[in-house]
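# Report on the structure
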Amino acid sequence: MILYNVTVNVDDSVHTDWLDWMKTDHIPKVLSTGKFEKATLSQVLVEEEMGGTTYAIQYRSYSRAALDAYYQEDADRLRSEGLKRFADKILAFRTELQIIDEYTVNFN
């Protein structure tokens, strides 16, 4: 399983608009590509020297092939929508994480 992580620092001047757009437009569009089974939107709880608010969005892909297909078929188009709308008010970087194992608490 591969996690596609996008970390974004958002300028205060567009924060409310960006967060609404992510929840109601961008994340649903990414999921509608069929390459991910779910997404998690988290706020990073560390104050950045540059200001703004930082978020991490983790998309759980079905496979390496699904993530590669997303890059080839969808990523440029979906990224450009955010850049057109928010321009220099957001700063994003992306990482890929390979899930090695998952654990849950067992109280029995």
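Note: the structure precedes this text.
The structure contained in this document is the topic of the report that follows. The structure displayed is predicted, hence computed values, not measured ones.

Here is what the cut-offs are and how they apply
Residues numbered from 1 in each chain as written. Predicted model: local features only at pLDDT ≥ 70, side-chain atom pairs only at ≥ 80, totals over all residues. Heavy atoms only, no water. Bend = angle between axes of the 7 residues up to and from the residue. Helix = DSSP H or I, 4+ residues; strand = E, 2+ residues; numbered from the N terminus. Buried < 20%, exposed > 50% of the residue type's maximum accessible area, 1.4 Å probe, protein only. Contact = heavy atoms within 4.5 Å.

## Description of helix α2 (residues 64-86)
- The largest bend along α2 reaches roughly 60° and is located at Asp-74.
- Burial in α2 covers these residues: Ala-66, Leu-67, Ala-69, Tyr-70, Asp-74, Ala-75, Leu-78, Gly-82 and Phe-86.
- Buried residues belonging to α2 abut β1 (2-10), α1 (15-32), β2 (36-43), β3 (53-61) and β4 (90-98).

## Some remarks on the environment of Thr-53
- Counting through the fold element by element, Thr-53 comes out in strand β3.
- A residue is classified by how much of its surface remains accessible, and Thr-53, at 16% relative accessible area, is buried.
- Sequence spacing of Thr-53 and Lys-29 is 24 residues, and the spatial spacing of their C-alpha atoms is 23 Å.
- Thr-53 has contacts with Val-8, Asn-9, Val-10, Asp-12, His-15 and Gln-43, leaving out every residue within four places of it along the chain.

Everything listed here is a matter of coordinates, which is why it stays silent on function.
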